[in-house]
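Chains, contacts and geometry: an overview
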Amino acid sequence: MTLTIRSIEHELYSDIFVGDSEMARLMRAHDWSATTLGDPDCWPNALKVALRLLLTSRFEMWLGWGSDIHFFYNDAYRPTLGNKHPQSLGTPTRILWAEIWDDIKDRLATVYEQGQSTWDRALLLVLERNGYREETYHTFSYSPLIGDTGAVEGVFCAVSEETDRVISERRLESLRELASGLAAAQGRTQVVEAVQTGLAHNRSDLPFSIVYLFGEDGAPQMAAHAGIAADHPLTSAECWSLDRLSDNNAILVEDAPPGDLPTGNWDRSPSRIAIVPLGAQVGHRPRGALVVGLNPYRPASDQYLSFLDLLGGQIASGLASADALEARTRERDRVRDLFRQAPSFMCIVTGPDHRFELVNNAYLQLVGHRDLIGLSAREALPEIAGQGYFERLDHVYSTGEPYIGRNVPVIVERQPGAAPEERFVHVVYQPIRGEDGRVTGIFVDGYDVTHQKRAEDQLHQLNETLEHRVAERTEELRAALEKLHHEAAERATMERALQQAQKLEALGKLTGGVAHDFNNLLQVISGNLQLLTRDVVGNPRAEKRVENAMAGVTRGAKLASQLLAFGRRQPLEPKVINLGRLVRSMDDLLRRSIGEDVEIETIVAGGLWNTLIDPSQIENAILNLAINARDAMANGGRLTIEASNAFLDDEYCRQHEDVNPGQYVMIAVTDTGSGIPRELIDQVFEPFFSTKPEGKGTGLGLSMVHGLVKQSGGHVKIYSEVDEGTTIRLYLPRSAEDEDIVTEISAGPARGGSETVLVVEDDDEVRETTVALLTELGYRVLKSRDALSALSVVDSGIPIDLLFTDVVMPGPLRSPELARKAKERLPEIAVLFTSGYTENAIVHHGRLDPGVELLSKPYTREALARKVRHVLGSRTAP
């Protein structure tokens, strides 16, 4: 009876589920009546044919039938299902592969709705087939199955799982990438850089990685990181307890610590980490450790750990090679330093023509500091031909016999172009032999004994001319002593000047930085006060308070300008001008500023040269000096302003730091006031130093003058006697160019317009204030917080007439580069820069770059209106 039942089961649907495979048996035993497919005998012939093909193929295949895509598969497909086999038989595909349904549903729709096939190569699918989500790769095609009705009623899939191949190739590529970088690295620093670049290459198997190296004290220090920020809390070596590493180089795998870990190429953080010792010899502590976040969708298998072990081995090998190279380099450099610093003169020449291979400092001092390396002796030292040296070298090279000479004379040019000088040397020529015993070069060693030889010669003559020699020597010593006293005095003067210049330079850097931040603050205050002015019209009390606040902003702006001038950080717009005409044009201004108690005399020499300087800044400087002079003459007196040509010679420049000899235009301001005590002269150019009573002046006037003149390549000199008066002379370099025509933009009307302005400013408050001012002037305003976003606006195609951009902003794209790119895209666009401190972006050598328009912060509504109209009116296509 049992045999009969088994036979019936074997024969049941055997014409549909053909063969004796496991899946054929399972299909024949399956209760199909419980599914929407019903009795297999009633199935369409197309499905039956497809099933026969499926079950007789040894290639991995599955097919789905019906609107629910009921799942059929053959024996070759079982490994892909994992623990979903065998209950997956007949299950709707949407339920069976719920975790990847979003990845495959559109492909299935293409088959069912359009009757078209699909094909994918090595598609990433995260399957859940072994109790955990798993990274897998599959190459497969979906083909339509046409039913008996002529419509698509099913899908046929031929598939090949390529997970092992894809992951193996990916890991091999990581190892190749790292090996390539390490092969090109020279020294430990480059090795660490190559490691960091190589580890970042594979963010799938290495979502994040950190390399620690042990110091001599055994303490771990982070050397490289990839996929995780350097300041991430988990980069601290204390998080990993690296002292657990043993000398057997075993990899530790454990649960990841709590915290926000990087995800790498995945959508979730690693749940496990591996700590890989960086290879050491057995029984020795590792060089360091590699901490790796493991792929959350792959198990920590032997293959995975072998890959990590290979990575660690490559890193350790690279570090070992770098350490060995650096040790060899240090030893080589030590030997070269000993050779170079040896007190005797030494060199090595090679070949029959005696080409210089190595020379030390003493040898260069003997023969003059000339280029010798690679030249033959006859090429390098032609003046010693005929003195026997070349012949001695030839003899040593040909015979292999060393040469020793004492007190040998040599006539050599010790300075290029100088007359030859006779010296005396002790010298040894020692042949250098190769492995085959033949002479390959000569080692030259010796001492310059000129002084010793001459002393010996003089000693022989001393008995005959002792008295005369003593007298001569005494005179020489007296002259040498006087020379030393003179040189010491000059050196002391130069050291004091250098210390003063360094002190002023340090103060200049500090004050320039302060003025930069101060100007941004003033711009926000100034702009909002100007906007507020219209809101308080008709309220006298509020108008007065706004007026007082604006006066304070003006004083602050002046203070910031003086700080930048002292720090030599102000953007100058130099013009070629005639200072005589400028001084004469200031006559009315000076008389109004000085008052009637002081007599003013102006002296301008005939034939006065032109100079290159910012006209408005030098005018402010002269006015500052005149006001200081007035304050020094409490009871009246005489103020003399003199302009003349001057020449500063080498002797003057040698005694004064930071000045070059040449032709200058000199402006001298002289008063008959109280004068300055000698002990205070060196401090008068320091910021905030003043000889005036407290509350009188800011102490920035002279520092501003000093900074302007130095920034313009000039020189300042002060002379003063107590109760006699003071003279301050400004020396400005002569310009041979014709005088420029200076136009005054501020004289025009302050009016707005209707053009489109793109405002680029990283400071939110400054940007909003500027936008409000321009909007009030009638302009259409666009805004951006950095150069990259501004370039996106330019690329959007919106018509833009003016780019109004801050000079110094964060981000990879600098403002001058933004202006250049904007000009390339919109040739008609005008560009106006603004800044409280330009650094070196558009200002070089203290001067604005040619063609650059700058509106310095803080600026008023009127200055903004005039400058914008000026720039828009001056724009031309390139």
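Keep in mind that what you see is a predicted model, and the values were worked out from it rather than measured. (Residues numbered from 1 in each chain as written. Predicted model: local features only at pLDDT ≥ 70, side-chain atom pairs only at ≥ 80, totals over all residues. Heavy atoms only, no water.)

**Remarks on the overall build of the chain**
Defined as follows: Numbered from the N terminus, helices here are DSSP runs of H or I no shorter than four residues, and strands are runs of E no shorter than two. Only protein chains enter the accessibility calculation, which uses a 1.4 Å probe. A residue is then buried if its area is under 20% of the maximum for its type, exposed if over 50%, and partly exposed in between. By definition, residues are in contact when any of their heavy atoms lie within 4.5 Å.
For the chain, the count of helices and strands is 24 helices and 29 strands. Within the chain, the fraction of its 878 residues that count as buried is 44%. Counting only contacts in the chain whose residues sit at least 6 apart along the sequence, the fraction spanning at least 24 positions is 62%.

**Things to note about the pattern of salt bridges**
For the record, the criterion: Salt bridges, as used here, are contacts in which a Lys or Arg side-chain nitrogen is within 4 Å of a carboxyl oxygen on Asp or Glu.
On inspection of all chains with the given rule, the structure shows 48 salt bridges. As a salt-bridge pair, Asp353 and Arg355 come within 2.9 Å of each other at their nearest N and O atoms. Arg378 is paired through a salt bridge with Asp394; the nearest N and O atoms lie 2.9 Å apart. With Arg378 in helix α11 (residues 377–380) and Asp394 in helix α12 (residues 389–399), this residue pair connects regions lying 16 residues apart in the sequence. Given a relative accessible area of 28%, Asp394 falls into the partly exposed group. Among the ionic contacts, a cluster of salt bridges with common partners joins Asp764, Arg767, Glu768, Lys783 and Arg785.

**Details of the nonpolar core**
In plain terms, the rule: The nonpolar core is taken to be a set of buried Ala, Val, Leu, Ile, Met, Phe, Trp, Tyr and Cys residues, with the residues joined through side-chain atoms within 4.5 Å.
Grouped together as the largest cluster of nonpolar side chains are 43 residues, with contacts concentrated most on Phe17, Met27, Leu51, Trp62, Leu63, Phe72 and Tyr142. Those elements that provide at least two residues to this core are α2 (22–29), α3 (45–56), β1 (61–65), β2 (70–73), α6 (101–114), β3 (118–128), β4 (133–146) and β5 (152–161). Here this core gets six residues from one element, more than from any other, and that element is α3. For Leu51, the contacting residues outside a window of four places in its chain are Ile16, Phe17, Met27, Trp43, Leu63 and Phe72. Within the second largest apolar cluster, 39 residues are counted, among which are Ile577, Ile622, Val665 and Met704.

**Things to note about the packing of α2 against α3**
Defined as follows: Only C-alpha atoms enter the line fits that serve as axes; for helices the fit covers just the stretch in contact. Angles between N-to-C directions range over 0 to 180 degrees.
Between α2 and α3, whose axes approach to 9 Å, the crossing angle comes to 145°. Where α2 abuts α3, its residues Met23, Ala24 and Met27 lie against Leu51, Leu54 and Leu55.

**Some thoughts on the pairing of strand β10 (residues 288–293)**
The condition that has to hold: Here, a strand pair is defined by DSSP locating no fewer than two bridges between the strands.
Among the six residues that make up β10, six are buried, leaving the element largely enclosed by the rest of the structure. With burial as the criterion, each face of β10 is covered, one bearing Gly288, Leu290 and Val292 and the other bearing Ala289, Val291 and Gly293. As paired elements, strand β6 (residues 208–214) and β10 share six bridges and run antiparallel to each other. Of the residues in β10, the one forming a bridge with Ile210 is Val291. The pairing of strand β9 (residues 272–278) with β10 spans six bridges and is antiparallel. Across the sheet, the residue bridging to Leu278 is Gly288, located in β10.

**Some points on the confidence of the model for the chain**
Heads up, the condition is: pLDDT is a per-residue confidence score from the predictor, ranging from 0 to 100.
When the pLDDT values of the chain are averaged, the result is 84; 84% of them are 70 or greater. Averaged over each element, pLDDT in the chain is lowest for helix α1 (residues 2–11) (42) and highest for β2 (97). Low pLDDT, under 50, characterises residues 1–10; the stretch is placed with two contacts to residues that sit more than four places away or in other chains.

**Quick notes on unusual backbone geometry**
With an omega of 5°, the peptide bond running from His85 to Pro86 counts as cis. Inspection of the secondary structure puts Pro86 in the loop between α4 (78–81) and α5 (93–96). The amide bond that connects Lys857 to the next residue, Pro858, takes the cis arrangement and shows omega of -5°. Tracing the backbone shows Pro858 in the loop between β29 (854–856) and α24 (861–874).

**Observations regarding the environment of Phe345**
Tracing the backbone shows Phe345 in strand β11 (residues 345–350). A sequence separation of 21 residues divides Phe345 from Leu366, and the C-alpha atoms of the two residues are 7.7 Å apart. Leaving out residues up to four positions away in the same chain, Phe345 has contacts with Asn360, Ala362, Tyr363, Leu366, Val425, His426, Val427, Val444, Asp445, Gly446, Tyr447 and Asp448.

**Here's the deal with the sheet that holds strand β8 (residues 252–255)**
With respect to topology, five strands assemble into an open sheet ordered β7-β6-β10-β9-β8, the strand pairing being antiparallel. Two strands bound the open sheet, and with one partner strand each, they are β7 (220–226) and β8. Neighbour-to-neighbour, the strand axes of this sheet turn through a mean angle of 20°, independent of strand direction. Relative to β9, β8 runs antiparallel, the two being bridged by four bridges. By the bridge assignment for β9, Glu254 is matched with Ile273. Its contacts with the sheet put helix α8 (residues 188–199) on β6, β7 and β10, and the angle it makes with β7 is roughly 45°. Those strands touched by helix α9 (residues 302–341) are β6, β8, β9 and β10, and its axis lies near 35° from that of β9.

**A closer look at the side chain of Ser835**
Along the chain, Ser835 falls in strand β26 (residues 830–835). Classification of Ser835 by relative accessible area gives buried; the value is 4%.

**A closer look at the packing of aromatic side chains**
Let me state the cut-off plainly: Any Phe, Tyr or Trp ring, taking Trp's six-membered ring, that has another such ring centre within 6.5 Å forms a pair; planes under 30 degrees apart are called stacked, those over 60 apart edge-to-face, and the others tilted. Distance and angle both matter: a charge sits over a ring if NZ of Lys or CZ of Arg is within 6 Å of the ring centre and within 35 degrees of the ring normal.
For the structure on display, the rule yields 18 aromatic pairs. Relative to Trp32, the ring of Phe17 lies with its centre 6.0 Å away and its plane at 25°, an arrangement referred to as stacked. Of this pair, Phe17 sits in the loop between α1 and α2 while Trp32 is found in the loop between α2 and α3, placing the two residues 15 residues apart along the sequence. Exposure remark for Phe17: the relative accessible area of 0% places this residue in the buried category. Between the aromatic rings of Phe17 and Trp43, the centroid separation amounts to 5.7 Å while the plane-to-plane angle is 80°, which identifies the pairing as edge-to-face. Residue Phe17 is found in the loop between α1 and α2, and its partner Trp43 is found in the loop between α2 and α3; the two are separated by 26 residues along the sequence. Aromatic ring contacts, followed pair by pair, group Trp62, Phe71, Tyr73, Tyr77, Phe140 and Tyr142 into a single cluster. Seen from the ring of Tyr304, Arg171 lies directly overhead, with NZ or CZ sitting 4.4 Å from the centre. Sitting over the face of the ring of Tyr389, Arg392 holds its NZ or CZ atom 5.0 Å from the ring centroid.

**A closer look at helix α22 (residues 787–795)**
Selection criterion: Note that the arc is defined by the directions from the helix axis to the C-beta atoms. Distance and chemistry together define a polar contact, namely a pair of N or O atoms within 3.5 Å, with one atom able to donate a hydrogen and the other to accept it when in protein, and with adjacent residues in sequence counting only for side-chain atoms on both sides.
When we look at burial in α22, the residues that qualify are Ala787, Ala790, Leu791, Val793 and Val794. End-on view of α22: buried residues confined to an arc of 155°, all on one side of the axis. Of the residues that open α22, the one with a side-chain oxygen 3.3 Å from the backbone nitrogen of Leu788 is Asp786. Downstream of α22 by one or two residues, Gly797 has phi in the positive range, about 95°.

**Describing the sheet that holds strand β24 (residues 780–784)**
Spatial strand order, β24-β23-β25-β26-β29: five strands in an open sheet with parallel pairing. Each having just a single partner strand, β24 and β29 make up the two edges of the open sheet. Each neighbouring strand pair of the sheet contributes to a mean axis angle of 20°, computed without reference to strand direction. Note: strand β25 (residues 802–806) against β26, five bridges, orientation parallel. Among the inter-strand pairings, Asp806 is bridged to a residue of β26, identified as Thr834. The strands touched by α22 within the sheet are β23 (756–760) and β24, with β23 carrying the most contacts at an inclination of about 160°. Docked against the sheet, helix α23 (residues 815–825) engages β23, β25 and β26, running at close to 170° with respect to β25.

**A few points about α8**
Because each turn of an α-helix spans 3.6 residues, side chains separated by three or four positions in sequence point in the same direction. As a reminder, the rule being used: Expected span, for any helix, means 1.5 Å times one less than how many residues it has.
Taking 1.5 Å of rise per residue, the twelve residues of α8 would be expected to cover 16 Å, and the 16 Å separating its terminal C-alpha atoms lies within 8% of that figure. The elements touched by buried residues of α8 are α7 (163–184), β6, β7, β10 and α9.

**What about the packing of helix α17 (residues 587–594) against helix α18 (residues 615–632)?**
Counted only if it meets this: Working rule for handedness: look at the near helix, and if it is turned counterclockwise from the far one by less than a right angle, call the crossing left-handed; if clockwise, right-handed. Polar here means any residue outside two lists: the nonpolar Ala, Val, Leu, Ile, Met, Phe, Trp, Tyr, Cys and Pro, and the charged Asp, Glu, Lys and Arg; Gly therefore counts as polar.
Where α17 contacts α18, the two axes come as close as 10 Å, and the packing angle between them is 35°. Of the two elements, α17 crosses α18, and the hand of that crossing is right-handed. In contact with Leu589, Leu590, Ser593 and Ile594 of α17, α18 contributes Glu619, Leu623, Ala626, Ile627 and Arg630. Classifying every residue of the contact of α17 with α18 by side-chain character gives six nonpolar, one polar and two charged.

**Notes on the environment of Asp740**
With respect to the secondary-structure elements, Asp740 resides in the loop between β22 (725–735) and β23. Asp740 gets classed as partly exposed once you look at its relative accessible area, which sits at 33%. Linking Asp740 and Pro574, residues 166 residues apart in sequence, is a C-alpha distance of 9.8 Å. Contact partners of Asp740, with chain neighbours within four places excluded, come to Lys575 and Val576.

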